[in-house]
Amino acid sequence: MQTVPDELVALAHRLAEAAGAVQRRYFRTPVAVDSKSDDSPVTIADREAEAAMRELIARHFPDHGVLGEEHGSDRLDAEFVWVLDPIDGTKAFITGRPQFGTLIALCHGGRPVLGVIDQTITGERWVGRAGAPSTMNGAAIATRPCSDPARAVLCATSPYMFAEGDERAAFERLARQVRMPLFGGDCYAYGLLAMGFVDLVVEAGLGVYDYMALVPVIEGAGGRITDWEGRPPGFGSDGRVVAAGDGRTHEAVLRLLGEKTAS
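Report follows, based on the coordinates.

Basis of the calculations
Residues numbered from 1 in each chain as written. Predicted model: local features only at pLDDT ≥ 70, side-chain atom pairs only at ≥ 80, totals over all residues. Heavy atoms only, no water. Phe/Tyr/Trp six-rings, centres within 6.5 Å; stacked < 30°, edge-to-face > 60°. Helix = DSSP H or I, 4+ residues; strand = E, 2+ residues; numbered from the N terminus. Buried < 20%, exposed > 50% of the residue type's maximum accessible area, 1.4 Å probe, protein only. Contact = heavy atoms within 4.5 Å. Pairing = 2+ DSSP bridges. Axes fitted to C-alpha atoms, helices over the stretch in contact; angles between N-to-C directions.

1. A short note on the packing of aromatic side chains
- Counted under the stated rule, the structure contains seven aromatic pairs.
- The interplanar angle of 45° and the centroid separation of 5.7 Å between the aromatic rings of F27 and F93 together place this pair among those described as tilted. Placement of F27 in the loop between α1 (6-26) and β1 (33-35) and of F93 in helix α3 (residues 90-94) is noted, with a sequence separation of 66 residues between them.
- A relative accessible area of 2% means that F93 is categorised as buried.
- Taking the centre distance of 4.1 Å and the plane angle of 15° together, the rings of F162 and F171 count as stacked.
- Grouped by ring-pair contacts, the aromatic residues F162, F171, F183 and W228 constitute a single cluster.

2. Quick look at helix α4 (residues 166-175)
- The element α4 is largely enclosed, with a buried count of seven among its ten residues.
- Among all positions in α4, only E167, R168, A170, F171, R173, L174 and A175 are buried.
- Of the surrounding elements, those touching the buried residues of α4 are β11 (153-156), β12 (180-183), β13 (200-203) and α8 (247-258).

3. A closer look at the sheet that holds strand β5 (residues 80-88)
- Sheet architecture is open: eight strands sit in the order β4-β3-β5-β6-β7-β8-β9-β10, paired in mixed fashion. Across the chains shown, the open sheet's two edge strands, defined by having one partner strand only, are β4 (72-74) and β10 (139-140).
- As judged from the seven bridges shared by strand β6 (residues 101-108) and strand β7 (residues 111-119), these two strands associate in the antiparallel manner. When the sheet's bridge partners are listed, C107 is paired in β7 with P112.
- Strands in contact with helix α2 (residues 44-60) are β3 (65-68), β4, β5 and β6; relative to β5, the strand with the most contacts, it is inclined by about 155°.
- Against the sheet, helix α5 (residues 187-195) touches β5, β6, β7, β8 (124-129) and β9 (132-136), its axis set at about 70° to β8.

Here it is in structure tokens:
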């Protein structure tokens, strides 16, 4: 797909607004927190936000597929499939920190061609669209040059998201070589990378709804995002992500992470 139709971009904005309205109603209120099967937290805000988005999709494009974190999948064999994470960063949400976001991706033939990162509390919305520069609140954005990991600001949501053993050792090896490792942020860190304030985000253990929307945003800002083997993120990825603003740093990081297989 060369370009994404305007009507689909308009719908993505409506989805973000619908999810944001739910989040604002519950943010910094004493909402009940449940635990999912993997012990990750979930709230009524997560569930209602996704339900609101799914209702809009069903109303306007009933032939489209949907994959959401909270309410499962429907018509994944459709030409167009929306991938939704109503609150990426529920731990931040329930602790009153505005470093969560709504992630909305539209996939065409399995490839993400439209991505939205929306932070409703701060009023920031990143949009990546095939064939166009990425934007934040409508203004074009770009990553910044960073030729070497030693000069990089690195973000990861948590050092504990990496599995014990080779995976965690690989990340720790990388974290010791960068200029500044920072933790926290969830999807917000990827928005900062697309704007040129962060150089590198490396994570693991992500679900497909955690990374699909990031791909068009990062790529449209001039960055690169792959799995740890350098492959494009997709429905079959293993949940390990490397995003970099500069291709030189991206290649160097892939080599550093890959050293685990030679040790």
